[in-house]
Structures are given as structure tokens and as C-alpha cells.
Amino acid sequence: MISKIFRIFRIPAALAVLWFIAHSVYITCDGLSDNGKHADLAVVLGSKVNEDGTLSGRLRARLECSLDLYRKHRIKRILVSGGLGKEGFYEGDKMKAYLVAEGIPDSLVVVDNKGNTTRATVENTLKLRPELRYNGIIVVSQYFHVTRTKKLFKDKGYTAVSSASPAYFEWRDLYAIAREFPAYYTQ
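Below you will find a few notes about this structure. Bear in mind the structure is a predicted one, so any value in this text is a computation, not a measurement. (Residues numbered from 1 in each chain as written. Predicted model: local features only at pLDDT ≥ 70, side-chain atom pairs only at ≥ 80, totals over all residues. Heavy atoms only, no water.)

1. Quick notes on the pattern of salt bridges
One pass over the structure, following the stated rule, counts 12 salt bridges. Across the pair arginine 71 and glutamate 102 runs a salt bridge, and its minimum N-O distance is 3.9 Å. A residue pair is termed long-range when its members are at least 10 positions apart, and arginine 71 in helix H2 (residues 57–71) and glutamate 102 in the loop between helix H3 (91–101) and strand E3 (109–112) qualify at 31 residues. Two residues, lysine 96 and aspartate 106, come together in a salt bridge whose shortest N-O distance is 3.3 Å. Of this pair, lysine 96 sits in helix H3 while aspartate 106 sits in the loop between H3 and E3, placing them 10 residues apart in sequence. Overlapping salt bridges bring together Arg148, Arg179 and Glu180 as one network. (Salt bridge = Lys/Arg side-chain N within 4 Å of Asp/Glu carboxyl O. Helix = DSSP H or I, 4+ residues; strand = E, 2+ residues; numbered from the N terminus.)

Now the structure itself:
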């Protein structure tokens, strides 16, 4: 009886595993590729601010990536998006302070402190389009996150989107890649 159940579910289980692997390879390759495009705006997605108010390594790496885009004249402005973390800090405010301290003019950094999810960041960015007058964006986040973010923009009808990600890797990326699989198909 048990062997019959295994035989019935063996092929669907193998297909599910292959789908997960193919998806993970795709988002990793897509997230690590930077096609060198230029855009009016970089959209930097938030991440953890530490309890002492300093930026997590992930978040600092994202901001350094956006600084590099700005210094190479690939973008004109930067939108930083994040929410209020459980540590009590607005990610967007902390991100802007970091960029301004690194020499980006205050007037070129736009803060979205209501981007507490990827979907909210996408929606808020699109609502700001008439005010910011951008014709292209570069999404900046960890490599495993950019494919879903670009998909959300495209789902909303905005296709002038590319991405860049920092060369920052940690063990928790394995969990994040696994989490992106269901998130990609449900958001």
C-alpha cells in the first residue's frame, strides 16, 4: 500500500522539485545580471535597521549599489522605500540619511516610508510617477528579490524596469531563495 502511494506521488513530487530548482536558478541568474542600463530612478527596497539605528549589512550593500549607479551616471535620482521596523526606525529615513552622508544631494533622494512590503513599494513608486516624471527605473535589492519586484512592476503595466544587486551574500540567502518561490507565484 505504501509503495503504491509512493509510486503515485513520485512523478508529481519530482516535477515539483525540478520546478523549484529551475525557478531558483532563473531568479539567481536574473538577479545577478546587470545589463548596464541607464534610468531616471533607482528604487532601493528596504531591509533591516539594527536596534542601535545602524544599517544591516544587506541594507548598506543595497545603498552602496545605488551610490555606484549614481556615481556612474546610470541614474538621476534615488527612491528609498521601507517601512517602520520593529526596532522603531523608519527604513526610508535611515536610508536617505546614509545616502546624503555619502554625498548624494538631499533633493535627489525621495523617501517612501510606507513601503513595508514589496507590493507596497511598487504601488507607491508608481503613484509618484507624475511627480517624479521618470521614464525608467532600476530596482536595487538582493539578487533573489529583484525578479519578483520587476514582475510586480510589469504586472501593474510598467515595463521600463531593470535591476542591479549588490555583491553581498550570506547564509540566510538559502532561506530567502526558498521563500521567493511561493512569493513569486502568490503576490
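2. Some points on the side chain of arginine 62
Along the chain, arginine 62 falls in helix H2. Of the side chains bearing the opposite charge, glutamate 91 lies closest to the buried arginine 62, which forms no salt bridge; the N-O distance is 7.0 Å. Not counting the four nearest positions on each side in its chain, arginine 62 is found in contact with Val44, Leu45, Gly46, Ser47, Val140, Ser141, Gln142 and Pro166. (Buried < 20%, exposed > 50% of the residue type's maximum accessible area, 1.4 Å probe, protein only. Lys, Arg positive; Asp, Glu negative; His and termini not counted. Contact = heavy atoms within 4.5 Å.)

3. Observations concerning unusual backbone geometry
One non-glycine residue, histidine 73, lies in positive phi territory at about 60°. When you line up the elements, histidine 73 lands in the loop between H2 and strand E2 (77–81). A positive phi is found at arginine 133, a non-glycine position, where the angle reads about 55°. Looking at the element boundaries, arginine 133 is found in the loop between helix H5 (129–132) and strand E4 (137–140).

4. Remarks on the packing of helix H4 (residues 118–127) against helix H6 (residues 143–155)
Two elements in contact, H4 and H6, have axes separated by 10 Å at closest approach and are oriented at 45°. If you check the angle between H4 and H6, you find them oblique. The way H4 lies across H6 gives a crossing that is right-handed. Counted together, Thr118, Arg119, Val122, Thr125 and Leu126 of H4 and His145, Arg148, Thr149, Leu152 and Phe153 of H6 form the full contact between these two elements. The residue makeup of the contact of H4 with H6, split by class, is 4 nonpolar, 4 polar and 2 charged. (Axes fitted to C-alpha atoms, helices over the stretch in contact; angles between N-to-C directions. Parallel < 35°, antiparallel > 145°, perpendicular 65-115°, else oblique. Left-handed = near helix turned anticlockwise from the far one by under 90°. Nonpolar A, V, L, I, M, F, W, Y, C, P; charged D, E, K, R; others polar.)

5. Considerations on H3
Glu91, Gly92, Met95, Lys96, Tyr98 and Leu99 are the residues of H3 that are buried. For H3, the angular spread of the buried residues around the axis is 160°, confining them to a single face. The inward-facing, buried residues of H3 contact strand E1 (41–45), H2, E2 and E3. At the exit of H3 stands glycine 103, carrying a positive phi of roughly 105°. (Arc of directions from axis to C-beta.)

6. A few points about the pairing of strand E5 (residues 161–164)
Every second residue of E5 is oriented toward a common face, with Val161 and Ser163 on one face and Ser162 and Ala164 on the other, all of them buried. Both E4 and E5 contribute to a ladder of 4 bridges, which runs parallel. Counterpart to valine 140 in the pairing with E5 is alanine 164. (Pairing = 2+ DSSP bridges.)

7. Topic: the packing of aromatic side chains
In the structure shown here, the tally under the stated rule is 9 aromatic pairs. Consider the rings of phenylalanine 20 and phenylalanine 181, whose centres lie 5.3 Å apart with planes at 80°: the pair is edge-to-face. With phenylalanine 20 in helix H1 (residues 2–32) and phenylalanine 181 in helix H7 (residues 173–186), this residue pair connects regions lying 161 residues apart in the sequence. Looking at phenylalanine 181, the relative accessible area reads 17%, which means it is buried. (Phe/Tyr/Trp six-rings, centres within 6.5 Å; stacked < 30°, edge-to-face > 60°.)

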